[in-house]
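An overview of the molecular structure
Each chain, letter by letter, is given below.
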Amino acid sequence: MESSTLAMLSSGAGYLGIVLFLGAYLGLQLRFLSSFGYAFATLNLVATLLVLFSLQQTLVLDATSVLWCWVVISLMGIARTYLINRKLAFTDEEKLLIEKRMSKAPREFARRLFDAGNWLTIEPYIYLTREGRPVEYLYYLTGGRAEVSVGKTRVAEVNEGLIGEIHVLSGDAASASVQTQERIRAFCISGENLRHLRDSDPQAGLFIEQLLAASTQEKLMSANQRMSGGR
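These remarks concern the structure in this document. For clarity, every value in this text was computed on a predicted model and none was experimentally measured. (Residues numbered from 1 in each chain as written. Predicted model: local features only at pLDDT ≥ 70, side-chain atom pairs only at ≥ 80, totals over all residues. Heavy atoms only, no water.)

As a further point, take the pairing of strand β5 (residues 153-158). Relative to β5, strand β4 (residues 146-150) runs antiparallel, the two sharing five bridges. Following the sheet pairing, V150 is matched in β5 by T153. Linking two consecutive strands that pair antiparallel, namely β4 and β5, is a turn of two residues; a positive phi of about 65° is found at G151 within it. (Pairing = 2+ DSSP bridges. Helix = DSSP H or I, 4+ residues; strand = E, 2+ residues; numbered from the N terminus.)

And the structure:
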């Protein structure tokens, strides 16, 4: 290969590597990328190899040493993610919740969330939230029937989904009461544990916010459909 062509390839590889470095870091800061998964480490690995290729014409010992260390660190990150995902085990109930509510979340985050809560069998006529009282727990109902009421008026019925997602992080008072109408299975996590997960890792906080926001949006759309159907 002619030296001029190789020089052009080296220069292009270097610029592309810089773009990937900056893009990966920007994606992490803007929360488009997660530190949990493969994407961030893989982008750094590819970017490092491209920059190393660009330096082959002008060998700079200090720079290449640092970059080779970066390659090793990136490979360690990818290997760690693989080993963690391989070791993680989930029950059938946990797999169902992941499938329905957390399909885009990394398995490592899902495991941490489940470890911070408990699976419960809840008897009929138990209040999960009480109107006007602080929301202390987030519930995920796997099935069954729970009644939502405001004052003495029944406004909705929940068969599957999250309960308490609007106020659990703030601990504010519930705007409605939710009472089970039959025995149900539910995953339960306290607001305190949820806040600890959110505050301990920005990426975990992102997934928690997305989980709660998606459930809130789903309920608002359902309420709008009911109102439209009642006109």
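A separate point is the packing of aromatic side chains. Geometrically, a pair of aromatic rings is defined through the distance of the ring centres and the angle of the planes. Counted according to the given criterion, the structure contains six aromatic pairs. Between the aromatic rings of F90 and F114, the centroid separation amounts to 6.1 Å while the plane-to-plane angle is 75°, which identifies the pairing as edge-to-face. Residue F90 is found in the loop between α3 (61-87) and α4 (92-101), and its partner F114 is found in helix α5 (residues 107-115); the two are separated by 24 residues along the sequence. F114 matches F90 in its accessibility class, with the two residues each being buried. (Phe/Tyr/Trp six-rings, centres within 6.5 Å; stacked < 30°, edge-to-face > 60°. Buried < 20%, exposed > 50% of the residue type's maximum accessible area, 1.4 Å probe, protein only.)

Let's shift gears to the pairing of β4. As paired strands, β4 and strand β7 (residues 177-180) are joined by four bridges and run antiparallel to one another. Looking across to β7, one finds that V148 is bridged to V178.

This part covers the nonpolar core. Counting 27 residues, the largest nonpolar core has M102, F114, F187, L194 and L212 as its most contacted members. Looking at this core, the elements with two or more residues in it are α4, α5, β3 (137-141), β8 (184-190), α6 (191-200) and α7 (202-230). Looking at this core element by element, the count peaks at five residues for α7. Every residue in contact with F114, bar those within four places of it in the chain, is listed here: F90, E94, L97, I98, M102, W119 and F187. Counting residues in each nonpolar core, the second largest holds 14 residues, with Y139, L141, A146 and V178 among its members. (Core = buried A, V, L, I, M, F, W, Y, C linked by side-chain atoms within 4.5 Å. Contact = heavy atoms within 4.5 Å.)

What follows deals with the side chain of S190. Structurally, the position occupied by S190 is in strand β8. For S190, the contacting residues outside a window of four places in its chain are E136 and Y137.

Bringing the sheet that holds strand β1 (residues 118-122) into the picture now. Each strand in a sheet pairs with another by means of backbone hydrogen bonds, the pair being arranged parallel or else antiparallel. With respect to topology, four strands assemble into an open sheet ordered β1-β8-β3-β6, the strand pairing being antiparallel. The open sheet has two free edges, formed respectively by β1 and β6 (161-163), since each of these has just one partner strand. The average angle at which neighbouring strand axes cross in this sheet is 30°, direction not considered. The pairing of β3 with β8 spans five bridges and is antiparallel. (Axes fitted to C-alpha atoms, helices over the stretch in contact; angles between N-to-C directions.)

Assignment of secondary structure puts A47 in helix α2 (residues 39-54). Linking A47 and G14, residues 33 residues apart in sequence, is a C-alpha distance of 8.3 Å. Once you skip the residues sitting within four places of it in the chain, A47 turns out to touch G17, L20 and F21.

Moving on: the sheet that holds β7. Pairing in this open sheet of four strands is antiparallel, and the strands run β2-β7-β4-β5 from one edge to the other. Both edges of this open sheet fall to β2 (127-129) and β5, since each of them pairs with a single strand only. Between one strand axis and the next, the sheet turns by 30° as a mean value, whatever way the strands run.

For α2, spanning 16 residues, the distance from its first C-alpha to its last is 23 Å, which sits close to the expected 22 Å at 1.5 Å a residue. Taken together, the buried positions of α2 are A41, N44, L45, A47, T48, L50, V51, L52 and S54. (Expected span 1.5 Å × (residues − 1).)

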